[in-house]
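Residue-level listing of the chains:
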Amino acid sequence: MTRYLYIFVDESGNPSSGKYYVVAGTWCISNELNPSRTLQSTVDSLAEIANSLRNSSQPISELKGSQLPTGVLLSVIECLNGGPAYDDPSVKHQQLPWADSLPLRVTMHDLNPNLGVEILKETLGGTDLNAKSSHPEALQSISLVTILNPLVQAEMIDLTRIDQIKVVLDAQVWQAPIERLEAGLDVVENVPENLVFETRDSAQTPGLQLADLAAYTWARQLRFGDCGSGVALLNDLRLADE
C-alpha cells in the first residue's frame, strides 16, 4: 500500500504586523490518499472531549483554538499524545520515519512580524508596510521552510519507506509562499522529489484543525503565558534536533 507522509500546516497571527506569528506543522504517516479523511477519527474524538467540557449546547463543527476556552483547549492539546491518534485507523503506528513510536509529531516556528518586516525592509529594500507588501510573504515563506526543515535532515527523519510527501496548507493565503518555495527547490540539495503541495479548507481537513490547535496554543502562550502545559506537550511531540 502507498505510504504518505502528511504535513498539515496552519498559522496563528498575521505575518504583516504584530509581535507574534506562529506556524505549526502536524506530521503523520497514512495510507489514506485523501487528506480530508486522514486523522478524522482523531479529530472526532478530540471534538467529543471538547464538547463534554464546554458549557454549551451547540456542538463543535470545527476544532479551532481561538473558539475554545483556555482550559478546554489545554485538555484537548494534552490528548494529542494519548489515545485518539493511537486508535485512529487512518494513521500508521509502526515503521515510522522518526526515531520513536509517536504516531503524531509537530514542527513549530514563531517570530515577531514587526521586527521581521523591518529587517527585511532594511536588507532587501522597500519602505511602506501594507498587506500587499512582499515582506510578509517572505516571512511566511521563511516560516514554511522552517516547518519543513526535517525533510532535509537525514538524522531526524528516514524517508526511504515514504512513497509521497503531501504538504497540506490552510487556504489560498499560502499560495504565494508555496510558489516561492517550489521555485527554489531545484537549487537545494537533498530535497525529496516526491514532495507535493496543496491547499484545503480547514473545516473539511482534520489535520489542519490539529495544526490550528498547535499554532494557537503556542501563540497564546507567547501572548498571555497561560498555555505552558500545552506548549510542554507540543515540545514532547516536536520534531527537532536533540
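Below or above, wherever it landed, is the structure these notes cover. (Residues numbered from 1 in each chain as written. Predicted model: local features only at pLDDT ≥ 70, side-chain atom pairs only at ≥ 80, totals over all residues. Heavy atoms only, no water.)

Overview of unusual backbone geometry
Step number 1: Unusually for a residue other than glycine, Gln95 sits at a positive phi of about 50°.
Step number 2: By the element assignment, Gln95 lies in the loop between helix H3 (83-86) and strand E3 (105-111).
Step number 3: Even without glycine at this site, Ala171 takes up a positive phi of about 75°.
Step number 4: Looking at the element boundaries, Ala171 is found in the loop between strand E4 (164-170) and helix H6 (175-184).
Step number 5: For Ala171, a relative accessible area of 33% translates into the label partly exposed. (Helix = DSSP H or I, 4+ residues; strand = E, 2+ residues; numbered from the N terminus. Buried < 20%, exposed > 50% of the residue type's maximum accessible area, 1.4 Å probe, protein only.)

Brief notes about the pairing of E3
Step number 1: Burial within E3 is extensive, with six of its seven residues counted as buried.
Step number 2: Relative to E3, strand E2 (residues 21-30) runs antiparallel, the two being bridged by seven bridges. Along E3, the bridge assignment pairs Trp27 with Arg105. (Pairing = 2+ DSSP bridges.)

Some words on the side chain of Ser143
Step number 1: Checked against the element boundaries, Ser143 lands in helix H5 (residues 134-147).
Step number 2: Judged by relative accessible area, which is 0%, Ser143 ranks as buried.
Step number 3: Within the structure, the side chain of Ser143 is placed 2.9 Å from the backbone oxygen of Leu139, a separation counted as a polar contact. (Polar contact = N/O pair within 3.5 Å; in protein donor to acceptor, adjacent residues only side chain to side chain.)

Let's talk about the packing of H5 against H6
Geometrically, a packed helix pair is captured by the angle between its two axes and the distance between the axes.
Step number 1: The interhelical angle for the contact between H5 and H6, taken along N-to-C directions, is 65°, at an axis separation of 9 Å. Crossing angle aside, the handedness with which H5 passes H6 is right-handed. The residues of H6 that touch H5, namely those facing Ser134, Glu137, Ala138, Gln140, Ser141, Leu144 and Val145, are Ala176, Pro177, Arg180 and Leu181.
Step number 2: Tallied by class, the residues present in the contact of H5 with H6 amount to six nonpolar, three polar and two charged. (Axes fitted to C-alpha atoms, helices over the stretch in contact; angles between N-to-C directions. Left-handed = near helix turned anticlockwise from the far one by under 90°. Contact = heavy atoms within 4.5 Å. Nonpolar A, V, L, I, M, F, W, Y, C, P; charged D, E, K, R; others polar.)

In short, the description is geometric, and any link to function would need to be established separately.
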